[in-house]
Amino acid sequence: MSSQGAVVNRSKMYLATSPDNPIWGAMYFGGLNFPVEDPDRYVLACADVGGPPCVPNPFEQPECATDDPSTQTGMSYQSHWMYTLGPLPGGGADVGLINEMEVNLLAFGSIPATATLTMRTPIVDGRVQPLSIHIWQATEVGRATSCDPSFVAEPSALVEGQVNIYVSDLSIDGVPVELGPSCRTERPSDLYLWGDFASGAYTAGSGGPLGAYDGLHPGSILPLTSPVYQGAFEGRDIPASTGIEVAPFTGCGTGSDDLGPLLTAMASGPNNPVSAVQGPLVPLGEIPWDDFTRCISNLCPLPGPATPPRPPLPIGGTQ
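Bringing helix 2 (residues 260–267) into the picture now. Here helix 2 has its buried residues at Gly 260, Leu 262, Leu 263, Met 266 and Ala 267. Projected onto a plane normal to the axis of helix 2, the buried residues spread over an arc of 160° and lie on a single side. More than 90 degrees from the buried face of helix 2, the exposed residues found are Pro 261 and Ala 265. Backbone geometry just downstream of helix 2 places Gly 269 in the positive-phi region, at approximately 155°.

What follows is the structure, given as structure tokens:
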């Protein structure tokens, strides 16, 4: 489970979960990657002889590296998938629910307002979409085969996915405003949370600090085309870290009242920084669906991680 905070710039709102309201998730640890052509099991890449090969480090290379892969520093790569879960009264899970929280807003620039904000991962072709976790780490094998064996690349971790945002229970200056059942962002927000290794180590199993804000991590300098990726990136570039864009709202209001522009002015905008802390995994042979939030072993991480400090705002932002 994890806790997170997000600042929406231009003094719109600050979102924060707490140890009492964490984000729950079920992780599939270790994506199938071997044999590379038709994988049926997980083997640590770039470490075991005969296992999956190294991937070129997509984020930094020694100065002597060229387009020739034999000159490039290699990294181990591993992937995991996490489905967010919301506990349901009486047992079971609302799969895809990230969090539901009350938020404070400003209407018309100065009037205090409150609302319930709900975040979910999208459903595509009837399937709830997970968050993908990618981790790159330097290895002796990857360094030995490069043009500069002394070059040691920093580890990288990326949690990516998409998030739909819904708003309900809006009150402006204490007066309830009917939004209807479908007030939401018109498109999902792209989520790129990077491991914040300057603040602490991050692994998929033990968790650690994550963030999405300017300057946290560089973008890719090489295409991510290795077959070890199993098509996860389809050769696309990964952008440098930045804050999350909250799209305009649609479907807000009842009858002839279109309150989408009001919600857009209150909450939408680009480059909204995020800080997060993922707690450690609890290894289970089977998820106890009757109440997966209960502490069932001495490994149970309750309470959830503390809410991290607010992330740095982009230049020109205010909070």
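This paragraph deals with the state of the cysteines. Every disulfide links exactly two cysteines, by a covalent bond between their sulfur atoms. In the structure shown here, the tally under the stated rule is three disulfides. Paired by a disulfide, Cys 46 and Cys 54 hold their sulfur atoms 1.8 Å apart. On the sign convention where negative is left-handed, the bridge of Cys 46 and Cys 54, at about 65° about the S-S bond, is right-handed. Residue Cys 46 is classed as buried on the basis of its relative accessible area, which comes to 4%. What makes Cys 54 partly exposed here is its relative accessible area of 22%. The disulfide that involves Cys 64 links it to Cys 147, with 1.9 Å between the sulfurs. Between Cys 64 and Cys 147 the disulfide shows an S-S torsion of about 90°. By sign, it is right-handed.

A separate point is the packing of aromatic side chains. Under the definition given, this model contains seven aromatic pairs. The rings of Phe 59, Tyr 77, Trp 136, Trp 194, Tyr 229 and Phe 233 are connected pair by pair, giving a single aromatic cluster.

A cis geometry characterises the amide bond from Phe 34 onward to Pro 35, with omega recorded as -5°. Looking at where Pro 35 falls in the secondary structure, it is placed in the loop between strand 3 (24–28) and strand 4 (55–56). Even without glycine at this site, Asp 125 takes up a positive phi of about 55°. Mapped onto the elements of the fold, Asp 125 is located in the loop between strand 9 (123–124) and strand 10 (127–128). The phi dihedral of Asp 169 is positive, around 50°, even though this residue is not glycine. Structurally, Asp 169 can be placed in strand 12 (residues 156–172).

Basis of the calculations
Residues numbered from 1 in each chain as written. Predicted model: local features only at pLDDT ≥ 70, side-chain atom pairs only at ≥ 80, totals over all residues. Heavy atoms only, no water. Buried < 20%, exposed > 50% of the residue type's maximum accessible area, 1.4 Å probe, protein only. Helix = DSSP H or I, 4+ residues; strand = E, 2+ residues; numbered from the N terminus. Arc of directions from axis to C-beta. Disulfide = S-S within 2.5 Å. Phe/Tyr/Trp six-rings, centres within 6.5 Å; stacked < 30°, edge-to-face > 60°.

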